[in-house]
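Observations on chain architecture
Given next are the chains, with one letter for each unit.
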Amino acid sequence: LLACLLDLVFFFSPDAASPSLPSLSLSLSLFFFFSFFSPFSFLFSFPSATQVRAAMKTVIGDRITKVEVSTRLVESPATLVQSEYGVSPNMQKYLRAQAAQDTDQEADFGGIFNQAVLEINPEHPIIVALREAVEQGDEANPSDEVRQKTELLFYTATLAAGYMLDNNAEYAKMVTQLMTQAAG
């Protein structure tokens, strides 16, 4: 990668004496080769990424529109983002408060509250473990372990993105179970 960048700098430098075009194409070829064959590229290209996404969508259901593999997440296993015409978390809070004040229900707003996209980080250890669990089972009928991990991941991403949980007690129960398992 460093050689490719140095070659590009040499190619575009003003005092370069007739740089060769094959050298540039070789540099670009090497750059794309190494960026595609990174240690974690198997999560993007193999069917396992599709299996994980399908299993997660099966568990989460209509609370999101889709599950995507993210290229921007670094430390977090997942995040919840709005689709192009989705409603932000703050606007959702405002609309829910307005509906409660007007004694209307959430259903009057149609499907605007579930237009979020769950983005997952394929390099994160939680997603890697989830992928391994999905590969052992069936994506159409995920195991209890896959269901529990997916729900906990979804609730955590929901809170981190600033959304309100539909069932706070369920999330608290899941965290307590996880802490109990960790305690021994």
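Reading the values: the criteria
- Residues numbered from 1 in each chain as written.
- Predicted model: local features only at pLDDT ≥ 70, side-chain atom pairs only at ≥ 80, totals over all residues.
- Heavy atoms only, no water.
- Helix = DSSP H or I, 4+ residues; strand = E, 2+ residues; numbered from the N terminus.
- Expected span 1.5 Å × (residues − 1).
- Pairing = 2+ DSSP bridges.
- Axes fitted to C-alpha atoms, helices over the stretch in contact; angles between N-to-C directions.
- Core = buried A, V, L, I, M, F, W, Y, C linked by side-chain atoms within 4.5 Å.
- Buried < 20%, exposed > 50% of the residue type's maximum accessible area, 1.4 Å probe, protein only.
- Contact = heavy atoms within 4.5 Å.
- Parallel < 35°, antiparallel > 145°, perpendicular 65-115°, else oblique.
- Left-handed = near helix turned anticlockwise from the far one by under 90°.
- Nonpolar A, V, L, I, M, F, W, Y, C, P; charged D, E, K, R; others polar.

Some remarks on helix α8 (residues 168-183)
In a regular helix each residue adds 1.5 Å, so 16 residues correspond to 22 Å; α8 covers 22 Å between its end C-alpha atoms and thus fits that length. Within two residues after α8, G184 carries a phi angle of roughly 130°, on the positive side.

Notes on the sheet that holds strand β1 (residues 66-69)
Strand order in this open sheet of three strands is β1-β3-β2, and the pairing throughout is mixed. Two strands in the sheet have a free side with no partner beyond their single neighbour: β1 and β2 (78-82). Looking at each pair of strands side by side, their axes are set apart by 30° on average, direction ignored. Pairing analysis gives four bridges linking β1 to strand β3 (residues 116-120), with the strands arranged parallel.

What about the nonpolar core?
Grouped together as the largest cluster of nonpolar side chains are 25 residues, with contacts concentrated most on M56, I64, L80, L118 and I120. Sorting the residues of this core by element identifies α4 (47-60), β2, β3, α6 (125-136), α7 (144-160) and α8 as the ones contributing at least two each. If you tally residues by element for this core, the top one is α7, at six residues. In this structure, M56 is in contact with V67, L118, I120, L130, T150 and L153, ignoring residues within four places of it in sequence.

A few points about the packing of α7 against α8
Between α7 and α8, the least distance of the axes is 10 Å, while the angle of their chain directions is 120°. By the angle between their directions, the pair α7 and α8 is classed as oblique. The handedness of the crossing between α7 and α8 is left-handed. Here Q148, E151, L152, Y155, T156 and L159 of α7 lie close against α8, whose contacting residues are E170, Y171, M174, V175, Q177 and L178. When its residues are assigned to classes, the contact of α7 with α8 shows seven nonpolar, three polar and two charged.

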